[in-house]
There are 2 protein chains.
Amino acid sequence: MKRNISSLAVFSGKPTFDSPLPVGQMNFAEWERFESAFRGIFARRYYTNHGPLVQELEARLCNMLGVKHAICTTNATIALLIAAKALELHGKVVVPAFTFAATVQSLTWAGIEPIFCDVNPVTHHITPELVEPLLDDSVSAVLAVHLWGNVCDIEGLSQIAAKKNIHLYFDAAHAFGSTCNNIPAGSFGDMEIFSFHGTKVINAAEGGCISTNNDYLAERLRNIRSSYGIRGTVYPNIMTSNGRMSEAQAALALLSLEDYDKNSQLNRDRFERYISHLKILPGFKFISVKSDEKSNYQYVVAEVDHEAFGISRDELVYILKAENILCRKYFAPGLHRCPPYNEQYPHFLNSLPNTDILCSKVIQFPSGQLITMEDIHTISTLVIYIHEHASDIRERLFHVK
Amino acid sequence: MKRNISSLAVFSGKPTFDSPLPVGQMNFAEWERFESAFRGIFARRYYTNHGPLVQELEARLCNMLGVKHAICTTNATIALLIAAKALELHGKVVVPAFTFAATVQSLTWAGIEPIFCDVNPVTHHITPELVEPLLDDSVSAVLAVHLWGNVCDIEGLSQIAAKKNIHLYFDAAHAFGSTCNNIPAGSFGDMEIFSFHGTKVINAAEGGCISTNNDYLAERLRNIRSSYGIRGTVYPNIMTSNGRMSEAQAALALLSLEDYDKNSQLNRDRFERYISHLKILPGFKFISVKSDEKSNYQYVVAEVDHEAFGISRDELVYILKAENILCRKYFAPGLHRCPPYNEQYPHFLNSLPNTDILCSKVIQFPSGQLITMEDIHTISTLVIYIHEHASDIRERLFHVK
């Protein structure tokens with residue numbers, strides 16, 4: 001506990017934590033289970049190229065996500081690129097600027113021009129109302145992004161895509177296990193792309209997956225993923241790449257799948273612990289999960305209102321970093337303000353007011369396997385302390401900077 | 001031993017081997033060494049994103065290849081794509097059609113048009129003489145490919161690239177540890193791209209590496225490889241992807257590097273055993289290594305002359321496959337005859353006579369960790385038997401087909 005503001009690490013006090021607390025999930029199985037899975041790989045001498053563990057993983061994912069095809073990849077960024085190619089996109093694609101860079105960069109690598117769409121200030125998602133005015137004849141698809149364990153307005157977006165006869169697909173990196181009308185993300189739109197990066201609830205260290213109910217798209221995706229090891233039809237007239245998932249990655253993801261119920265419950269416990277500590281704090285609002293839906297609770301995300309909380313989101317991140325609490329500013333700056341897009345498409349710079357506000361307010365707090373309930377108590381107590389001494393801290397920060 | 005041609009598996013005899021012999025290297029360390037490396041990863045809880053093992057691997061590769069920068073990636077296909085983007089290529093690039101698909105497809109993904117160059121019938125490489133007539137103002141680079149453990153004519157290609165002021169870079173998937181004038185591949189041209197796929201002498205199951213002496217290109221490559229974990233300068237104005245190598249991949253590659261001397265010597269022993277058995281066979285010519293250079297000997301590759309050997313390369317591959325000996329037809333068909341290139345650029349169809357001949361003649365034999373000297377004796381004896389009974393076999397094959 002800090003006794004006075006001089007004891008804050010940002011003012012040269014001792015940091016609250018001796019080493020940095022990671023912000024991501026980092027859900028890894030116990031060594032013994034990992035060892036057992038890897039002994040199997042070495043015994044089989046089958047290390048990559050759509051091996052037995054990748055096949056098992058894909059079957060389990062189909063089952064869990066309620067979808068016909070799950071195509072695992074080396075990471076979600078490559079998956080997004082493969083998806084854009086499989087859909088044969090052309091012209092322009094509507095996409096939020098309030099997202100991780102890879103969402104939009106996958107379009108750029110595929111030769112597609114993004115049309116940035118603003119987001120709803122409450123859900124942080126793009127909505128049918130915001131998308132529709134952007135749909136002219138040059139648009140071949142909408143790439144929507146599920147955020148913070150919540151799923152987009154599937155019905156509304158699907159209706160618009162059908163009406164305009166364009167593709168609709170989803171960056172579902174945040175939505176493994178999350179539902180819309182109690183249907184899990186995975187079968188919505190033409191396809192959905194999941195991330196199994198170490199920071200996510202399902203974790204292959206690096207990894208990704210594309211899910212679809214469309215047989216034709218599934219074959220195209222498998223063709224593009226690799227010129228080897230394709231099951232089913234081979235389309236010779238397709239550009240291939242290497243997006244293969246190795247057996248080692250599949251082993252990690254399978255262990256993580258086994259633990260999904262436990263880990264998502266632990267995430268929920270941590271999430272609710274944060275809320276119980278901080279819900280009454282002025283200017284502090286957590287992004288919650290709809291009471292009738294499921295979520296992986298992998299992200300603990302709040303909006304910080306500068307006026308009411310007393311200091312800004314950026315200042316809060318700065319102060320907490322000095323304490324070895326690594327919070328993230330999501331997604332600051334918005335992609336419309338990042339190179340190369342700010343230079344290539346300057347007309348979006350002042351067209352996304354909700355995105356700009358969220359980019360200045362949203363903060364992600366540490367959660368995941370390495371964060372204890374005690375850590376959350378400590379972090380929350382510190383955040384309350386910072387709020388209570390906001391004006392003194394700001395005054396002194398001004399002189400330090 | 002086959003006693004009569006009816007005992008060939010292609011004619012329903014019992015296959016020589018009970019299960020398929022792999023054609024690639026498959027050099028994996030003993031479980032104990034692997035386990036020890038992986039315990040370290042779990043103890044550190046650092047699984048990806050330019051971790052300590054990737055850093056150690058890159059340092060060792062720099063040392064071994066005699067190059068300033070080694071940038072490891074999740075696979076060589078993605079590395080080739082990152083390389084094309086880092087070089088800011090435009091217009092057209094001269095490249096052989098006698099290569100693995102990923103070489104040329106990396107250009108297509110990067111929006112570059114290939115100009116296919118024929119190869120020298122002895123070395124199988126593109127040469128300055130073949131490249132020079134193709135260099136008009138639309139060409140921004142030459143992407144040459146080292147083949148079969150031999151390195152291209154570095155001096156000649158470098159002179160042409162310098163004269164025309166264009167980039168020169170190398171697909172070095174076949175050339176780890178191989179030399180030109182006793183300098184190892186790795187520091188030639190603007191950059192070189194290595195593969196650490198399980199079929200290669202250095203093996204991360206999946207993996208790759210880009211080597212360069214150019215500081216500016218190295219920083220660009222690191223930027224494009226990942227928007228995270230960049231060391232050194234960050235170029236905000238660059239399109240990033242995810243080409244990160246995980247710690248698991250780096251652990252495998254480091255074990256493989258430790259074993260390089262042993263494994264390349266074992267490859268050489270296997271290579272020479274094949275030659276000792278088959279060198280006198282009519283119509284059968286192994287691609288050898290220049291006596292004054294080093295090689296990894298990872299490929300055992302021969303040309304089969306239909307007339308002199310008695311049956312064609314395609315028929316030989318077909319017969320051996322039935323015996324569970326999986327030889328590869330390299331690189332058949334040439335990429336100028338594969339979609340989408342045959343349709344997009346039909347003017348190359350009849351412009352690469354040496355490539356066409358090699359595509360019909362070249363065969364790769366099984367080598368690597370899982371192939372014993374006894375296996376090689378068995379395979380060679382069978383190849384000699386097939387040659388000796390060629391006309392009877394052809395006659396009967398004709399009826400079977």
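Preceding this paragraph is the structure being described.
Everything numeric here is computed off the predicted structure, so don't read it as measured data. In this convention, every chain numbers its residues from 1, walking through the sequence in written order. Chain A is the first chain written and ligand 1 is the first ligand written, with later ones labelled in order. Only residues with pLDDT of at least 70 get local features here, since the model is predicted, and only at 80 or more are side-chain atom pairs given and counted; chain-wide, interface and lining totals rely on the full set of residues. In computing side-chain properties, one takes all heavy atoms of the structure into account and sets aside hydrogens as well as water.

S.K.: How do you make sense of the overall build of chain A when you look at a structure like this?
M.R.: By definition, any uninterrupted DSSP run of H or I lasting at least four residues is a helix, any uninterrupted run of E lasting at least two residues is a strand, and each is numbered from the N terminus. Each helix and strand in chain A was counted, giving 15 helices and 13 strands. Only C-alpha atoms enter the radius of gyration, while the globule expectation follows 2.2 Å times N to the 0.38, with N the number of residues. For 401 residues, the compact-globule estimate of 2.2 N^0.38 gives 21 Å, and chain A sits close to it at 22 Å. Overall, chain A is about 70 × 55 × 40 Å in size when its C-alpha atoms are taken along their principal axes. The cut-offs for exposure are 20% and 50% of the maximum accessible area for each residue type, with area from a 1.4 Å probe on protein chains only; residues under the lower value are buried, those over the upper are exposed, and the others partly exposed. Burial statistics for chain A: of 401 residues in total, 62% are counted as buried.

S.K.: Explain the interface of chain A and chain B here, please?
M.R.: Where the parts come together, the accessible area they lose is often given as the size of the interface. Should any heavy atoms of two residues lie within 4.5 Å, those residues are considered in contact. Every contact between the two is made by 44 residues of chain A and, on the other side, 44 residues of chain B. Summed over both partners, the accessible surface that disappears when two parts come together, traced with a 1.4 Å probe, is what is meant by buried area. Across the interface of chain A and chain B, roughly 4200 Å² is buried in total on both sides, 65% from carbon and sulfur atoms. Salt bridges are identified by distance alone: a Lys or Arg side-chain nitrogen within 4 Å of an Asp or Glu carboxyl oxygen. Counting across the chain A and chain B interface gives four salt bridges. Residues Arg244 of chain B and Glu206 of chain A are paired through a salt bridge, measuring 2.7 Å at the closest nitrogen-oxygen approach. Element by element, the count of residues in the side of chain A that touches chain B is highest for helix α1 (residues 31-44) of chain A, at six residues. Under this grouping Gly is polar, as are all residues other than the nonpolar Ala, Val, Leu, Ile, Met, Phe, Trp, Tyr, Cys and Pro and the charged Asp, Glu, Lys and Arg. Tallied by class, the residues present in the side of chain A that touches chain B amount to 22 nonpolar, 14 polar and eight charged.

S.K.: How do you make sense of the pairing of strand β1 (residues 69-73) of chain A when you look at a structure like this?
M.R.: Remark: a regular strand shows side chains that alternate across the two faces of the sheet. Residue and element names in this part refer to chain A. Burial analysis of β1 places five of its five residues in the buried class, the great majority of the element. Relative to strand β9 (residues 208-212), β1 runs antiparallel, the two sharing five bridges. Considered in β9, the bridge of Ile71 is made with Ile210. Being paired, for any two strands, means DSSP has found at least two bridges between them.

S.K.: What is the right way to read the nonpolar core from this model?
M.R.: To define a nonpolar core, start from buried Ala, Val, Leu, Ile, Met, Phe, Trp, Tyr and Cys residues and group those joined through side-chain atoms within 4.5 Å. Core analysis: the largest hydrophobic core is formed by 220 residues, its most contacted members being Tyr169 of chain A together with Tyr169 of chain B. Sequence-distant contacts of Tyr169 of chain A, that is, excluding residues within four places in its chain, are made with Ala83, Ala84, Leu87, Leu89, Leu107, Ala141, Val142, Leu143, Ala144, Met191 and Ile193 of chain A.

S.K.: I keep staring at helix α8 (residues 247-258) of chain B and nothing clicks. Help me out?
M.R.: An α-helical segment advances 3.6 residues per turn. Residues three or four places apart therefore align on the same side. Expected span of a helix: the number of residues minus one, times 1.5 Å. Between its terminal C-alpha atoms α8 of chain B stretches 16 Å, which fits the 16 Å expected from twelve residues at 1.5 Å a residue. Among the twelve residues that make up α8 of chain B, eleven are buried, leaving the element largely enclosed by the rest of the structure. Residues of α8 of chain B that are buried include every one of Glu247, Ala248, Gln249, Ala250, Ala251, Leu252, Ala253, Leu254, Leu255, Ser256 and Leu257 of chain B, and no others. Here the buried face of α8 of chain B lies against α1 of chain A together with α1 (31-44), α2 (52-65) and α9 (260-278) of chain B.

S.K.: Mind showing me how you'd approach the side chain of Ser106 of chain A here?
M.R.: All names here are of chain A. Among the secondary structure elements, Ser106 is positioned in helix α4 (residues 101-109). Relative accessible area serves as the criterion here: at 3%, Ser106 is assigned to the buried category. Here the side chain of Ser106 touches Thr103 through a polar contact of 2.8 Å, landing on its backbone oxygen. When residues no more than four places from it in sequence are discounted, the contact partners of Ser106 are Leu80, Leu81, Ala84 and Leu143. Here a polar contact is taken to be a pair of N or O atoms separated by no more than 3.5 Å, where protein atoms must pair a possible hydrogen donor with a possible acceptor and residues adjacent in sequence count only if both atoms sit in side chains.

S.K.: Looking at this structure, how should I read the sheet that holds strand β9 (residues 208-212) of chain B?
M.R.: What holds strands together in a sheet is hydrogen bonding between their backbones, with the strands either parallel or antiparallel. Residue and element names in this part refer to chain B. Strand order across the open sheet formed by seven strands is β1-β9-β8-β5-β4-β2-β3, with mixed pairing between neighbours. Pairing within the sheet leaves two strands with one partner each, and these edge strands are β1 (69-73) and β3 (113-117). Taking each pair of neighbouring strands and ignoring which way they run, the sheet shows an average axis angle of 20°. Interaxial angle, 0 to 180 degrees, is taken between N-to-C directions of lines fitted to C-alpha atoms, where a helix line uses only the stretch in contact. Those strands touched by helix α3 (residues 76-86) are β1, β5 (167-171), β8 (191-195) and β9, and its axis lies near 165° from that of β8. Strand contacts of helix α7 (residues 215-225): β1, β8 and β9, with the helix running at about 15° to β1, the strand carrying the most contacts.

S.K.: Looking at this structure, how should I read the side chain of Ser264 of chain B?
M.R.: Residue and element names in this part refer to chain B. Take Ser264: it is sitting in helix α9. Ser264 sits in the buried class, given a relative accessible area of 10%. If we ignore the near neighbours within four places in the chain, the residues touching Ser264 are Ser295, Asn296 and Tyr297.

S.K.: Honestly, the environment of Asn75 of chain A in this entry has me stumped. Any pointers?
M.R.: Summarising the element assignment, Asn75 of chain A is placed in the loop between β1 and α3 (76-86). Sequence separation of Asn75 of chain A and Leu53 of chain A is 22 residues, and the distance between their C-alpha atoms is 16 Å. A polar contact of 3.0 Å, which involves the side chain of Asn75 of chain A, links it to the backbone oxygen of Asn242 of chain B.

S.K.: What's the story with unusual backbone geometry in this structure? I'm lost.
M.R.: Excluding glycine, residues mostly have negative phi values, and the peptide bonds linking residues are mostly trans. Here the residue pair Tyr330 of chain A and Phe331 of chain A is connected by a cis peptide bond, since its omega of -25° sits within 30 degrees of zero. Relative to the assigned elements, Phe331 of chain A resides in the loop between β12 (328-329) and α12 (341-344). Backbone geometry places Asn182 of chain A, a non-glycine residue, at a positive phi of 65°. Classification of Asn182 of chain A as partly exposed rests on a relative accessible area of 49%. We note that Arg45 of chain B has phi near 55°; this positive angle belongs to a residue other than glycine.

S.K.: Looking at this model, I keep getting lost on the packing of aromatic side chains. Mind explaining?
M.R.: Aromatic ring pairs are defined here through the distance separating the ring centres and the angle between the ring planes. Here is the rule: rings of Phe, Tyr and Trp (six-membered ring for Trp) pair when centre to centre is within 6.5 Å. Planes less than 30 degrees apart are stacked, more than 60 are edge-to-face, and the remainder are tilted. One pass over the full model with this rule turns up 55 aromatic pairs over all chains. Ring pairs connect the aromatic residues Phe28, Trp31, Phe34, Phe38, Phe42 and Tyr47 of chain A together with Phe28, Trp31, Phe34, Phe38, Phe42 and Tyr47 of chain B, which therefore count as one cluster. Only when the NZ atom of a Lys or the CZ atom of an Arg is both within 6 Å of the ring centre and within 35 degrees of the ring normal do we say a charge sits over the ring. For Arg396 of chain A, the ring lying beneath its charged end belongs to Phe11 of chain A, and the centroid distance is 4.6 Å.

S.K.: Would you mind showing me how to read the relation of the copies chain A and chain B here?
M.R.: In this structure, two copies of a chain are linked by a rotation about an axis accompanied by a shift along it. When the copies are overlaid, the least-squares fit takes in C-alpha atoms only where the residue has pLDDT of at least 70 in both copies. Between chain A and chain B, the superposition needs a rotation of 180° and an axial shift of 0.0 Å, giving an RMSD of 0.0 Å. Accordingly, the operation relating the two chain copies is best matched by a two-fold axis. A shared binding surface is used by both copies, with 100% of the interface residues of chain A retained as interface residues in chain B.

S.K.: Looking at this model, I keep getting lost on the environment of Tyr46 of chain A. Mind explaining?
M.R.: Residue and element names in this part refer to chain A. Looking at the element boundaries, Tyr46 is found in the loop between α1 and α2 (52-65). Distance in space between the C-alpha atoms of Tyr46 and Gly186 is 28 Å, their sequence separation being 140 residues. The residues contacting Tyr46, other than those within four sequence positions of it, are Ile41, Gly51, Pro52 and Glu247. Within polar-contact distance, the side chain of Tyr46 engages the backbone oxygen of Asn49 at 2.7 Å.

Function cannot be read off these values alone, since they describe shape.
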